[in-house]
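What the coordinates show
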Amino acid sequence: SNLINSLPKDVLSTWFPDTAKKPPVVAARPPPPLASATPGVSAGSGMPYPAKLTQQWIQMHKYNKADVDKVENDARNFVNAMNKAGYRSPI
């Protein structure tokens with residue numbers, strides 16, 4: 001879509017490497033704006049960070065804490081990159 005093609009090349013190559021290798025796709029018309037589904041958060045604001053998992057939840061599911069920390073860090077880096085690129089969340 002036009003939205004993904006408007007991202008900077010470094011964001012595309014880091015977070016969407018397969019898409020970055022393909023030629024850009026041009027949509028016939030831009031997608032319509034979406035209304036916010038989250039009370040108190042207006043549509044078009046930056047992407048929010050995902051919630052951190054609690055230690056209890058991590059232990060209950062027998063996840064490795066270092067693995068969880070890496071995934072959470074990657075998620076925060078993704079959100080930072082998208083917000084820096086000017087992405088605006090539809091929700």
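Here's a quick rundown of the structure. (Residues numbered from 1 in each chain as written. Predicted model: local features only at pLDDT ≥ 70, side-chain atom pairs only at ≥ 80, totals over all residues. Heavy atoms only, no water.)

Focus: the packing of aromatic side chains
As a reminder, the rule being used: Stacked, edge-to-face and tilted labels apply to pairs of Phe, Tyr and Trp rings (six-membered ring for Trp) whose centres lie within 6.5 Å, assigned for plane angles under 30 degrees, over 60, and everything in between, in that order. Secondary structure counts use DSSP, requiring at least four H or I residues in a row for a helix and at least two E residues in a row for a strand, with both numbered from the N terminus. Burial classes: relative accessible area under 20% of the type maximum marks a residue as buried, over 50% as exposed, and values in between as partly exposed (1.4 Å probe, protein chains only).
Evaluation of the coordinates by the stated rule reveals 3 aromatic pairs. Aromatic pair W15 and F78: ring centres 5.3 Å apart, planes at 75 degrees, arrangement edge-to-face. Pair noted here: W15 is in helix α2 (residues 9–15) and F78 is in helix α5 (residues 65–84), with a separation of 63 residues, a long-range link. Overall, W15 belongs to the partly exposed group, its relative accessible area being 29%. Given a relative accessible area of 22%, F78 falls into the partly exposed group. Aromatic pair W57 and Y63: ring centres 5.7 Å apart, planes at 35 degrees, arrangement tilted. The exposure class of Y63 is partly exposed, given its relative accessible area of 45%.

A few points about the side chain of E72
Rules: When checking whether two residues touch, look at their non-hydrogen atoms; a contact exists if any pair is within 4.5 Å.
Mapped onto the secondary structure, E72 falls in helix α5. A relative accessible area of 12% means that E72 is categorised as buried. Sequence-distant contacts of E72, that is, excluding residues within four places in its chain, are made with K52 and L53.

Some thoughts on α5
Every α-helix winds through 3.6 residues per turn, so residues three or four apart in the chain are directed the same way. Selection criterion: Given a helix with a known number of residues, its expected span is that number minus one, times 1.5 Å. Contacts described as polar in this section are N or O atom pairs within 3.5 Å, which, within protein, must combine one atom able to donate a hydrogen with one able to accept it, while residues neighboring in sequence count only if both atoms come from side chains.
Look at α5: 28 Å from first C-alpha to last across 20 residues, which is about the 28 Å you get at 1.5 Å a residue. The complete set of buried residues in α5 reads V68, E72, V79, A81 and M82. Contacts from the buried residues of α5 go to α2 and α4 (55–60). By the N-cap criterion, in which a side-chain oxygen at the helix start approaches the backbone nitrogen of a residue two or three places on, α5 is capped by N64, the distance to A66 being 2.8 Å. Where α5 terminates, the next one or two residues include G86, which has phi positive at roughly 95 degrees.

Focus: a nonpolar patch on the surface
Keep this limit in mind: Exposure above 30% relative accessible area and no salt bridge define the residues that can form patches, which grow by joining like charges within 9 Å and nonpolar side chains of Val, Leu, Ile, Met, Phe, Trp and Tyr within 5 Å. Here the Shrake-Rupley method, with its probe set to 1.4 Å, supplies the accessible areas, and only the displayed protein chains count as covering residues. One speaks of a salt bridge when a side-chain nitrogen belonging to Lys or Arg is within 4 Å of a carboxyl oxygen belonging to Asp or Glu.
A cluster of nonpolar residues, L53, W57, M60 and Y63, forms a patch on the protein surface that exposes about 410 Å² of accessible area. For L53, the location among the structural elements is in the loop between α3 (17–21) and α4. Using a relative accessible area of 38% as the deciding quantity, one classes L53 as partly exposed.

Quick look at the nonpolar core
Put simply, the rule reads: The nonpolar core is taken to be a set of buried Ala, Val, Leu, Ile, Met, Phe, Trp, Tyr and Cys residues, with the residues joined through side-chain atoms within 4.5 Å.
One finds L7, V11, L12, M47, V79, A81 and M82 forming the largest nonpolar core, which totals 7 residues. Elements represented by at least two residues in this core include exactly α2 and α5. When residues in this core are grouped by element, the largest group, 3 residues, is from α5.

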